[in-house]
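# Understanding the architecture of this molecule
The residues making up each chain are set out below.
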Amino acid sequence: MSAQASLGKAEMAALVARDIPAGAYVNLGIGLPTLVADHLEPGSGVVLHTENGMLNMGPQAHGDDVDPDLMNAGKVAVTELPGAAYFHHADSFAMMRGGHLDVCVLGAFQVSAAGDLANWHTGAADAIPAVGGAMDLAVGAKKVYVMTTMFAKDGSPKVVPECAYPLTAARCVDRIYTDVATLEVTGDGLVVRDLFGITYADLSARLAVKMSDGSASS
Amino acid sequence: MSAQASLGKAEMAALVARDIPAGAYVNLGIGLPTLVADHLEPGSGVVLHTENGMLNMGPQAHGDDVDPDLMNAGKVAVTELPGAAYFHHADSFAMMRGGHLDVCVLGAFQVSAAGDLANWHTGAADAIPAVGGAMDLAVGAKKVYVMTTMFAKDGSPKVVPECAYPLTAARCVDRIYTDVATLEVTGDGLVVRDLFGITYADLSARLAVKMSDGSASS
Amino acid sequence: MTSICESTDEAVAGVADGSTVLVGGFGMAGMPTHLIDALIRQGATGLTVVSNNAGNGDTGLAALLAEGRVRKVICSFPRQHDSWVFDGLYRSGKIELEVVPQGTLAERLRAAGAGIGAFYCPTGAGTLLAEGKETREIDGRTHVLEFPIKGDVALIGAHRSDRMGNLVYRKTARNFGPVMATAATTVAVQVSEIVEIGTLDPEAVVTPGIYIDRVVAA
Amino acid sequence: MTSICESTDEAVAGVADGSTVLVGGFGMAGMPTHLIDALIRQGATGLTVVSNNAGNGDTGLAALLAEGRVRKVICSFPRQHDSWVFDGLYRSGKIELEVVPQGTLAERLRAAGAGIGAFYCPTGAGTLLAEGKETREIDGRTHVLEFPIKGDVALIGAHRSDRMGNLVYRKTARNFGPVMATAATTVAVQVSEIVEIGTLDPEAVVTPGIYIDRVVAA
């Protein structure tokens, strides 16, 4: 299991993309999750939602294709695919909060063993709070996938018993895709599905959370 | 004042139409209020709303102009004027409830001296209740005008101290246009603005409500 | 993911006994008559039907009612000149009725689709239709607490669909369609025409395909 | 009634000190930059600004903030790479901030326009942003009670307006425009082009003219 190396960003993105069902309606959060788009199979029929009012968003726009009226939620110029639809902000978030998106993929500062997500606020005293659509996505999508490196730059794990940072939403995360492991959040706690470049014993030792090894059975 | 006769339906409609400001957005209820449309000045810019999802509704459709997809709230085939817009039911009633319509004109079973309106239910034990959009209109329009004959077929007045019939909405009516008088609902009670074929003394004797005579001053 | 059905029978397959069925249309405009006929053939019973009216004449919704398949109707306006089927069932105690103001009906459907748990609405305050409902004073006005109406199935009519289920409507046939499309677990739509992806103007799509499960040309 | 303004100054005339000003746009898409410039010239101060962001760079909203004219910002995402004007004011305690999840911001604006007194929303439950807010369990889920955000003035950008104020937008520049247009006492819109009545497709009008007070081509 630990024979292979930990995953790079593109490999993580490919792993998430592989788990998105054909024809799913998906919102990809700003940052790392954006990479997932590049790994969706062309024929998969996966439809991308951007919360600033569009379905069937295409890839990033370049050169003459840049249109200042066509942006994604990260304010990056994007393109329109056939079958697109535009709608206003209240309709866009109604779609999200109403449970119509199949999957959203979000970045994280911390995820708790119970699936609590913290991804909007470091809790630092001088930080200017800014939430955007993170709370709406975390609460609204049918499945919430988190995509992040397992360890912060200081080596501390992002999968924790309880989030120390202010929550985005409680008990919202279904799966956690990291560079060293994929974890499922279940009623019985975290289950490790895949390991990359680390053994279950090593991972378990570095994380302070209760979890079980589901990687052998898969 | 009592020299002229009581008003016919068309004259009542003309009176209401005269009091609708140029450029107003107006909803005309089913029945008598519908007639108001025929008396709006062509250049007035008054825009008609129909709660089943349209602004800038035109006159009734006839012959080849009948389109089964273009109906008013009374399910009568109508036409579309230039500058029309279609929208769905939630948006249509958001427009209404949100206070964006300047005037609605409604029929009435009874109106109380305080401006309570009863126009949806006779209260009869075997009656099948059916409200449609009456409550929404009564609550939502900036000005609610009632248009009705003053007396029911049995001679009982429709302007009453308290409504005996189930309410459509409390304290919602601004003006009452009838065949014999126009009344304003004010904080100080009903004020008679115009009299047609009846003296103030006679009207006052037939209605059991407290009111004042504002007809002389106008 | 939207599937294009070969027949109306396929479009209504699997409706379970006891389901809540949202039925679009206002009068005959936007009424999904072919889907209702298919539902009659399909056989599900003990249904709760949510629609603006309670059936006209002897066809469509009235025929479903006449077959004894509907336990309860939630609507704004059951009583019409040709609603004899409903009238008879109601007077003989064979059908339950919940009358909801038309705008509140639309808004409760929207709330179900938009992930709103409940809302305070001024419509109906102080009337029979608010009896037993929680109220709250907001800005000096009495508001009634209203809860979402969620469907198991929605049957709606639209003008055109592309193969992803993006919909456009025609004139006032739009009415309840776009709201009901957001508010049910399974949404079936009958359209006049199914067009290729990329044919509909993305700015003019009223119901994005994310809301649509089954489309049939009928 | 919609008036066509000769200048952006005319379009923002009369904004009072202390007003709540809704400002459309998401990033630069749909941002009513010319109306903001006119508001800077107009001079109103002590403003509460409601917008998705809190200004970028040194122009537009940031310039209004830099002039010390804004008392409070209500937004979802103030912190951006180029939000130095806001950041400075905030850190020096010169501006008040209310952070609202993006979808809740849109829905509170919609509620103001739609005559909804308040609503229960799952977004933000159990987080910092719900602290001090009333909550209620609905269907086993914690919901937060949210109240409308009503503007005195809305400044929005759209693509085309006809002479009645019917609007169409372009791509994701639609964003907050249609919702804010319903939520303010006076709504001013800057458009690329003003067209004759009857030019816009009634099926594709996104904001009907009823919501629009002032239009300027800029």
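Residues numbered from 1 in each chain as written. Chains lettered and ligands numbered in written order. Predicted model: local features only at pLDDT ≥ 70, side-chain atom pairs only at ≥ 80, totals over all residues. Heavy atoms only, no water.

With an unreviewed UniProt entry as reference, chain C is termed 3-oxoadipate CoA-transferase subunit A, source organism Winogradskya humida. Check the Sequence similarities (unreviewed entry) section of the UniProt entry for chain C; it says "Belongs to the 3-oxoacid CoA-transferase subunit A family." (UniProt positions renumbered as here; feature names shortened; annotations may be inferred.)

Within an unreviewed UniProt entry, the label attached to chain A reads 3-oxoadipate CoA-transferase subunit B, and the organism entered is Winogradskya humida. For chain A, the Sequence similarities (unreviewed entry) comment in UniProt is given as "Belongs to the 3-oxoacid CoA-transferase subunit B family."

Below, the discussion takes up the overall build of chain C. A count of helical and extended segments in chain C gives six helices and 12 strands. Its C-alpha radius of gyration of 17 Å places chain C within 12% of the 17 Å reference for a compact globule of 218 residues. With the C-alpha coordinates aligned to their principal axes, the bounding extent of chain C is approximately 50 × 40 × 30 Å. Out of the 218 residues in chain C, the part that is buried amounts to 66%. In chain C, once contacts between residues fewer than 6 apart in sequence are set aside, the share between residues at least 24 apart is 74%. (Helix = DSSP H or I, 4+ residues; strand = E, 2+ residues; numbered from the N terminus. Rg over C-alpha atoms; globule rule 2.2 N^0.38 Å. Buried < 20%, exposed > 50% of the residue type's maximum accessible area, 1.4 Å probe, protein only. Contact = heavy atoms within 4.5 Å.)

A few words now on the packing of helix H2 (residues 89–97) of chain B against helix H5 (residues 102–114) of chain D. It is at 7 Å that the axes of H2(B) and H5(D) come closest, and there the two elements cross at 65°. Every residue of H5(D) that contacts H2(B) at Ala90(B), Ala94(B) and Arg97(B) is listed here: Arg110(D), Gly113(D) and Ala114(D). When the residues that make up the contact of H2(B) with H5(D) are grouped by side-chain class, the tally is three nonpolar, one polar and two charged. (Axes fitted to C-alpha atoms, helices over the stretch in contact; angles between N-to-C directions. Nonpolar A, V, L, I, M, F, W, Y, C, P; charged D, E, K, R; others polar.)

We now examine the interface of chain C and chain B. The interface is formed by 42 residues belonging to chain C together with 35 residues belonging to chain B. Interface area lost by chain C to chain B is led by Phe26(C), Lys171(C) and Thr172(C), which between them contribute 20%. Applying the counting rule to chain C against chain B returns four salt bridges. Arg170(C) is the salt-bridge partner of Asp67(B), the closest N and O atoms lying 2.5 Å from each other. In this structure, the connection of chain C to chain B is made through 20 residue pairs in polar contact (both at pLDDT 80 or more). Among the elements of the structure, helix H4 (84–91), strand E5 (96–99), helix H5 (102–114) and helix H6 (177–182) of chain C are those that each provide at least two residues to the side of chain C that touches chain B. Counting residues per element, the side of chain C that touches chain B draws most heavily on H5(C), which supplies six residues. Of the residues that constitute the side of chain C that touches chain B, the class distribution is 19 nonpolar, 14 polar and nine charged. (Buried area = accessible area lost by both parts, 1.4 Å probe. Salt bridge = Lys/Arg side-chain N within 4 Å of Asp/Glu carboxyl O. Polar contact = N/O pair within 3.5 Å; in protein donor to acceptor, adjacent residues only side chain to side chain.)

As a further point, take the interface of chain D and chain B. Contact with chain D, which involves 19 residues of that partner, is made by 21 residues of chain B. Between chain D and chain B the total buried area reaches about 1,500 Å² when both faces are included, carbon and sulfur atoms providing 60% of it. The largest contributions to the chain D side of the interface with chain B come from Met1(D), Pro202(D) and Ile210(D), which together make up 36% of the buried area. On the surface where chain D and chain B come into contact, there are zero salt bridges. On the surface where chain D and chain B come into contact, there are six residue pairs in polar contact (both at pLDDT 80 or more). For the side of chain D that touches chain B, the leading source of residues is H5(D), giving three residues.

Right, let's talk about H4(C) for a bit. All names here are of chain C. Regarding H4, the residues found buried are Val85, Phe86, Asp87 and Leu89. The elements touched by buried residues of H4 are helix H3 (61–66), strand E4 (70–75) and E5. One or two steps after H4, the chain reaches glycine 93, where phi turns positive at roughly 70°.

This brings us to unusual backbone geometry. At Arg171(A), a residue that is not glycine, the phi angle is positive and equals roughly 45°. Within the fold, Arg171(A) resides in the loop between strand E9 (159–160) and strand E10 (175–177). Of the residues examined, Arg171(A) reaches a relative accessible area of 66% and is grouped as exposed. Phi at Lys171(D) is positive, roughly 50°, even though this residue is not glycine. By secondary structure assignment, the location of Lys171(D) is in the loop between strand E10 (167–168) and helix H6 (177–182). The class for Lys171(D) is buried, based on a relative accessible area of 16%.

Attention now moves to the nonpolar core. Ranked by size, the top nonpolar core spans 74 residues in total, and within it Leu203(B) and Leu109(D) carry the most contacts. Apart from residues lying up to four places away in sequence, Leu203(B) is in contact with Met150(B), Phe151(B), Val180(B), Ala181(B), Val192(B), Leu195(B), Ile198(B) and Met211(B). Judged by nonpolar contacts, the second largest core, of 73 residues, contains Ala169(A), Leu203(A), Ala181(C) and Val191(C). (Core = buried A, V, L, I, M, F, W, Y, C linked by side-chain atoms within 4.5 Å.)

Glancing now at the pairing of strand E7 (residues 135–138) of chain D. Residues and elements named next belong to chain D. Two elements, E7 and strand E8 (residues 141–146), share four bridges in a ladder whose sense is antiparallel. Among the inter-strand pairings, glutamate 137 is bridged to a residue of E8, identified as threonine 142. Between the end of E7 and the start of E8, which pair antiparallel, lie two residues, with aspartate 139 showing a positive phi angle near 50°. (Pairing = 2+ DSSP bridges.)

Taken as a whole, the second largest pocket spans an internal volume of roughly 850 Å³. Ile30(A), Gly31(A), Ala73(A), Gly74(A) and Phe77(D) are, among the 34 residues lining the second largest pocket, the residues nearest its centre. Classifying every residue of the lining of the second largest pocket gives 16 nonpolar, 14 polar and four charged. (1 Å grid on protein atoms, 1.4 Å probe; cavity = no way out; pocket = protein on both sides within 12 Å on 5 of 7 lines; lining within 4 Å. Points joined across faces, edges and corners; volume = space filled by probe spheres on them.)

Okay, the sheet that holds strand E6 (residues 110–112) of chain A next. Residue and element names in this part refer to chain A. Taken together, the three strands give an open sheet; going across it, the order is E7-E6-E9, and neighbouring strands pair in mixed fashion. Bordering the open sheet on either side are strand E7 (117–118) and E9, each of which pairs with just one other strand. Bridge analysis of E6 against E7 gives two bridges, and the strand direction is antiparallel. Following the sheet pairing, glutamine 110 is matched in E7 by alanine 118.

So, on to the sheet that holds strand E8 (residues 143–147) of chain A. Pairing between sheet strands relies on hydrogen bonds along the backbone, with the strands arranged either parallel or antiparallel. Residues and elements named next belong to chain A. Taken in spatial order, the 10 strands make up an open sheet running E4-E3-E2-E1-E5-E8-E10-E11-E12-E13, and their pairing is mixed. The open sheet has two edge strands, strand E4 (78–86) and strand E13 (211–213), and neither has a second partner. Here the strands of the sheet are splayed against their neighbours by 30° on average, with no regard to which way each runs. The sheet contact formed by strand E1 (residues 25–28) and strand E5 (residues 103–106) spans three bridges and is parallel. By the bridge assignment, asparagine 27 is partnered in E5 with cysteine 104. Across the sheet, helix H1 (residues 9–18) touches E5, E8, E10 and strand E11 (181–186), and the angle it forms with E8 is around 165°. Those strands touched by helix H2 (residues 89–97) are E1, strand E2 (47–50) and strand E3 (54–60), and its axis lies near 120° from that of E2.

Turning our attention to empty space enclosed by the protein. As enumerated under the stated definition, the model contains four cavities of 30 Å³ or more in all. Computed from the structure, the largest cavity encloses a volume of approximately 800 Å³. In this structure, the largest cavity is lined by 43 residues; those nearest its centre are His88(A), Asp91(A), His88(B), Asp91(B) and Val206(C). Counting only elements with at least two residues in the lining of the largest cavity, the list comes to H2 of chain A, strand E4 (78–86) and H2 of chain B, H5 and H6 of chain C together with H5 and H6 of chain D. Within the lining of the largest cavity, the residues separate by chemical class into 27 nonpolar, eight polar and eight charged.

It is worth spelling out the packing of aromatic side chains at this point. For the structure shown, the criterion picks out seven aromatic pairs over all chains. The interplanar angle of 55° and the centroid separation of 5.5 Å between the aromatic rings of Tyr145(A) and Tyr177(A) together place this pair among those described as tilted. Highlighted residues: Tyr145(A) in strand E8 and Tyr177(A) in strand E10, separated in sequence by 32 residues. For Tyr177(A), a relative accessible area of 1% puts it in the buried group. The interplanar angle of 20° and the centroid separation of 5.6 Å between the aromatic rings of Phe86(C) and Tyr90(C) together place this pair among those described as stacked. Pair noted here: Phe86(C) and Tyr90(C) are both in helix H4, with a separation of four residues, about one helical turn. The class of Tyr90(C) is partly exposed, set by a relative accessible area of 28%. Lying across the ring of Phe26(D), Lys75(A) places its NZ or CZ 4.5 Å from the centre. Stacked on the ring of Phe151(A), the Lys or Arg Arg206(A) has its end atom at 3.7 Å from the ring centre. (Phe/Tyr/Trp six-rings, centres within 6.5 Å; stacked < 30°, edge-to-face > 60°. Lys NZ or Arg CZ within 6 Å of the ring centre and 35° of its normal.)

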